[in-house]
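What the coordinates show
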Amino acid sequence: MTQAASHNASSAWNPRWRLLACVAPAAAFFAAFWLLPAVRLLALPADKGWATYFAVLTDSRYLASMANTVVLSVAVTLATLVLGAAVGIYLARHSFMGKRMLLSLLTLPLSFPGVIIGFFVILLGGRQGVIASISDSLFDERITFAYGLLGLFLAYLYFSLPRAIATYAAAAESMNTQLEEAARSLGASRLRVARDVWLPELAPTTLACGAILFATSMGAFGTAFTLASKFEVIPITIYNEFTNYANFALAASLSISLGVVTWLVLFVARRFGASPVAR
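Residues numbered from 1 in each chain as written. Predicted model: local features only at pLDDT ≥ 70, side-chain atom pairs only at ≥ 80, totals over all residues. Heavy atoms only, no water.

1. Notes on the packing of aromatic side chains
Within this structure, the stated rule accounts for nine aromatic pairs. Judged by centre distance (6.3 Å) and plane angle (35°), the ring pair of Y90 and F96 falls under tilted. Judged by its relative accessible area of 45%, Y90 is partly exposed. F96 gets classed as partly exposed once you look at its relative accessible area, which sits at 33%. Note on W263 and F267: the rings are 5.3 Å apart at their centroids and 20° apart in plane angle, and the pair reads as stacked. In this pair, W263 and F267 both sit in helix α12 (residues 248-273), four residues apart, roughly one turn of the helix. Classification of F267 as partly exposed rests on a relative accessible area of 39%. Members of the aromatic cluster, connected to one another through ring pairs, are F221, F225, Y239 and F242. Residue placement shows R127 over the ring face of Y147; its charged tip is 4.4 Å from the ring centre. (Phe/Tyr/Trp six-rings, centres within 6.5 Å; stacked < 30°, edge-to-face > 60°. Buried < 20%, exposed > 50% of the residue type's maximum accessible area, 1.4 Å probe, protein only. Helix = DSSP H or I, 4+ residues; strand = E, 2+ residues; numbered from the N terminus. Lys NZ or Arg CZ within 6 Å of the ring centre and 35° of its normal.)

Shown next as C-alpha cells:
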C-alpha cells in the first residue's frame, strides 16, 4: 500500500515537473532579455534626477525631434492608407493577366531593410542620384531631396506601402459583396457605396493597419540613419545621445517617451478597433 501510494504521488507530480521544465527556459529568457533590460531602462533616468524623465517636454531640441517624428509618421500613415486601400481593393476586385506578378512586385520592399530603402532614395534624389544628374544637364544645377523631409517621407512611404496593400487586398476579398449589390440595386452611386459600405467594413482594418504603420514609422531607424541629415527624428536623437555623447540616462528617457507615444496609439487602436462583443 505504501509503495502504491508513493507511486501514485510521484505520478501526480510528474506533469508539474515537466511543465516547470518547459516553462523555466522561457521564463529565464524573458527575464534576461526583456524584463531586466526594461526595468533598467525605466530606472536609468532617475540616476540624473526625476526631471530627466520629462526631458522631451522641457528641452526644445528633443521636443522638436519628437514633433518631427510624430508629424512625419502621421503623414506617412495617412498617405499609405489612402494609396494602400486604393491599390489593395482594386487588386482584390479585378482579375487580369500578370496580377500575381504585379502583387509580388508591389510587396517586394517587404524583404528590404530600411538601409537599403534609404539607399534607393539616395540613388534617386541624392547628390549623385538620377534627379540630380538630369537637373544638372538641363538647368546646370543639381537638385536633391533625399536628405530632408521629402526624402524621409518617400522612403517611409516606400517601406510602408506594401504592408497596407497586402492588408487591404486580404480584407477586400473577405468583404460582404451582397451589401454592395443591394446598395447598387437601390441606385447608390460608387461614391455612396464606398462611403456607406466599404468604409464601415474596412474600418477595423484601417484602424489596425494605421496603428501598425504609425508605430513602424515612429521607430524606423535604418532609413532615418541613412537619410536624416537635415531633418532629425527621435530614433536618431536617441542614437546620438547614447553613442556619440554616452548620455545613457537621457537616451533612456527619450526611449521611454517614444515607447509611450507608440503604445498609446496601439492601445487606442485596440480599444476602438475591438468588436462590441470583445468589449
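Still to come is the rest of the account.
2. Some thoughts on the packing of helix α8 (residues 177-185) against helix α9 (residues 190-219)
Between α8 and α9, whose axes approach to 10 Å, the crossing angle comes to 155°. By the angle class used here, α8 and α9 are roughly antiparallel. Of the two possible hands of crossing, α8 and α9 adopt the one that is right-handed. Across the interface between the two elements, L179, E180, A183 and R184 of α8 pack against R190, V193, V197, W198 and E201 of α9. A breakdown of the residues in the contact of α8 with α9 according to their chemical character gives five nonpolar, no polar and four charged. (Axes fitted to C-alpha atoms, helices over the stretch in contact; angles between N-to-C directions. Parallel < 35°, antiparallel > 145°, perpendicular 65-115°, else oblique. Left-handed = near helix turned anticlockwise from the far one by under 90°. Contact = heavy atoms within 4.5 Å. Nonpolar A, V, L, I, M, F, W, Y, C, P; charged D, E, K, R; others polar.)

3. A closer look at helix α3 (residues 60-93)
Counting along an α-helix, one turn takes 3.6 residues, and residues three or four places apart therefore face a common direction. Compared with an ideal rise of 1.5 Å per residue, which puts 34 residues at 50 Å, α3 spans 49 Å between its outermost C-alpha atoms and is within 8% of the ideal. In this structure D59 caps α3, since a side-chain oxygen of it lies 2.9 Å from the backbone nitrogen of R61. (Expected span 1.5 Å × (residues − 1). Polar contact = N/O pair within 3.5 Å; in protein donor to acceptor, adjacent residues only side chain to side chain.)

4. Examining the nonpolar core
Within the largest apolar cluster, 18 residues are counted, with the highest numbers of intra-cluster contacts made by L72, A146, L152, Y156, A224, L227 and V233. Those elements giving two or more residues to this core turn out to be α3, α5 (114-125), α7 (149-173) and α10 (222-227). Here this core takes four residues from α7, the largest share from any one element. Sequence-distant contacts of L152, defined by excluding residues within four places in its chain, comprise L72, A146, T223, A224, L227, A228, F231 and V233. (Core = buried A, V, L, I, M, F, W, Y, C linked by side-chain atoms within 4.5 Å.)

5. As for the confidence of the model for the protein chain
Should pLDDT be low for a region, the predicted coordinates there are not to be read in detail. Within the protein chain, residue pLDDT values average 84, and 92% of them lie at 70 or more. Predicted confidence in the protein chain is weakest over helix α1 (residues 2-43), with a mean pLDDT of 72, and strongest over α3, with 93. (pLDDT = per-residue confidence, 0-100.)

6. Notes on a nonpolar patch on the surface
Together, L124, V130, I131, I134, L138, F139 and I143 make up a nonpolar patch on the protein surface, roughly 650 Å² of accessible area in all. For the nonpolar patch, the leading source of residues is helix α6 (residues 130-139), giving five residues. Checked against the element boundaries, I131 lands in helix α6. (Patch = residues over 30% accessible without salt bridge, like charges linked within 9 Å, V, L, I, M, F, W, Y side chains within 5 Å. Areas by Shrake-Rupley, 256 points an atom, 1.4 Å probe, with all protein chains shown as cover. Salt bridge = Lys/Arg side-chain N within 4 Å of Asp/Glu carboxyl O.)

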